Amino acid sequence: MLHTGIAALATAAVVGTLGGLPQGTLFMESHPPAKSGEAYEKSDSTGKVLRLNPCDTGKAWDTGRVAARTMVYTSDDDMDMKDEQLVLYKNVAYAERAMRQLRTRLARCAVVDKGYLRRSRFFTKPATAGDEALRAGWLNHETSYRYVAMRRGSTLYIVGETGRVSKSLPLKDFRGLVGQARKMAVKVCDVPGAGC
């Protein structure tokens, strides 16, 4: 117990010294210059809700965050959207709990029916990346979105993109996202306090 407390203090001290996650932690940080109609948004706020947010909660519901980075790409031309988010928790137990809570929310809010224009559905399947992972698809009347959520040590990584989604969530549709999650599972071990 004492070792866990010391490790958490050391993590907070190291990350605090760096002012958050090291620059270049997310792949999207090395994006090309935005063209007309495109936008890249970056935030180091630890209060941002997880990008995979099935119950459409307005604020972060997970606890124990030490640092976070979120990047979102949007395009007006084709309604294209991509995002990436990495959250560093105090220790592995907090990250495991966040992943459990995410699974619970995906089950609880698998179908949200507030009339045709506000009906949404989530589908999930396991994925192989990091210590544990899942792939999820979201459908509503306007669009569909694919996600992979991966936990590695005391971090939770979420990557997503607009794209076709069906209930079976064929792995071929998620190959790029799963591949990116696997690369992050290696890369994140360079982050102080990642607990790999």
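Residues numbered from 1 in each chain as written. Predicted model: local features only at pLDDT ≥ 70, side-chain atom pairs only at ≥ 80, totals over all residues. Heavy atoms only, no water.

Enquirer: Would you mind going over the environment of Asp83 with me for this structure?
Expert: Within the secondary structure, Asp83 is located in strand S3 (residues 80–89). In this structure, the C-alpha to C-alpha distance between Asp83 and Ile158, residues 75 residues apart in sequence, is 8.0 Å. Beyond its immediate sequence surroundings of up to four residues, Asp83 is in contact with Met28, Arg51, Met71, Val72, Tyr145, Ile158, Val159 and Gly160. At 3.2 Å, the side chain of Asp83 and the side chain of Tyr145 are in polar contact. (Helix = DSSP H or I, 4+ residues; strand = E, 2+ residues; numbered from the N terminus. Contact = heavy atoms within 4.5 Å. Polar contact = N/O pair within 3.5 Å; in protein donor to acceptor, adjacent residues only side chain to side chain.)

Enquirer: I would appreciate a short explanation of the pairing of strand S2 (residues 65–75) in the present structure.
Expert: Each regular strand carries side chains that alternate between the two faces of the sheet. For S2, the buried fraction is high: nine of the eleven residues fall into the buried class. As paired strands, strand S1 (residues 38–43) and S2 are joined by six bridges and run antiparallel to one another. Across the sheet, residue Ala39 finds its bridge partner in S2, namely Thr74. Note: S2 against S3, ten bridges, orientation antiparallel. Directly across from Arg65, in S3, lies its bridge partner Tyr89. (Buried < 20%, exposed > 50% of the residue type's maximum accessible area, 1.4 Å probe, protein only. Pairing = 2+ DSSP bridges.)

Enquirer: Can you help me understand the environment of Val111 in this one?
Expert: By the element assignment, Val111 lies in strand S4 (residues 111–112). Note on Val111: relative accessible area 48%, which makes it partly exposed. Along the backbone, Val111 and Leu139 are 28 residues apart, and their C-alpha atoms lie at a distance of 9.7 Å.

Enquirer: Is there a simple way to think about helix H2 (residues 92–108) in this case?
Expert: Relative to the 24 Å expected for 17 residues at 1.5 Å per residue, H2 spans 24 Å between its end C-alpha atoms, a close match to the ideal helical length. If you check which residues of H2 are buried, you get Ala95, Ala98, Met99, Leu102, Arg105 and Leu106. Across the axial projection of H2, the buried residues extend over an arc of 125°, all falling on one side. Those residues of H2 that are exposed and aimed more than 90 degrees away from the buried face are Arg100, Ala107 and Arg108. On its buried side, H2 packs onto S3, strand S5 (120–127), strand S6 (132–140), strand S7 (144–152) and strand S8 (155–162). The backbone nitrogen of Ala93 lies 3.1 Å from a side-chain oxygen of the residue at the head of H2, namely Asn91. (Expected span 1.5 Å × (residues − 1). Arc of directions from axis to C-beta.)

Enquirer: Sorry, what's going on with the sheet that holds S7 here?
Expert: Sheet strands line up and pair through hydrogen bonds in the backbone, either parallel or antiparallel. Within the open sheet, the eight strands sit side by side as S1-S2-S3-S8-S7-S6-S5-S4. Their pairing is antiparallel. Two strands lie at the open edges of the sheet, namely S1 and S4, each paired on one side alone. Of the pairings in the sheet, the one linking S5 to S6 comprises eight bridges and is antiparallel in character. Residue pairing for S6: Phe122 is matched across the bridge by Trp138. Its contacts with the sheet place H2 against S3, S5, S6, S7 and S8, and it is angled at close to 35° to S6. Together, S3, S5, S6, S7 and S8 form the strand contacts of helix H3 (residues 171–187), whose direction differs from that of S7 by roughly 30°. (Axes fitted to C-alpha atoms, helices over the stretch in contact; angles between N-to-C directions.)

Enquirer: Can you help me understand the nonpolar core in this one?
Expert: Most often, soluble globular proteins keep nonpolar side chains buried together rather than apart. Within the largest apolar cluster, 28 residues are counted, with the highest numbers of intra-cluster contacts made by Val148, Met150 and Tyr157. Counting residues per element, the ones that place at least two in this core are S2, S3, S5, S6, S7, S8 and H3. A total of six residues in this core trace back to one element, the largest contributor, which is H3. Discounting chain neighbours no more than four positions away, the residues touching Val148 are Leu134, Arg135, Tyr157, Ile158, Val159, Phe174, Leu177, Val178 and Ala181. Grouped together as the second largest cluster of nonpolar side chains are 19 residues, Val87, Ala95, Phe122 and Leu134 included. (Core = buried A, V, L, I, M, F, W, Y, C linked by side-chain atoms within 4.5 Å.)

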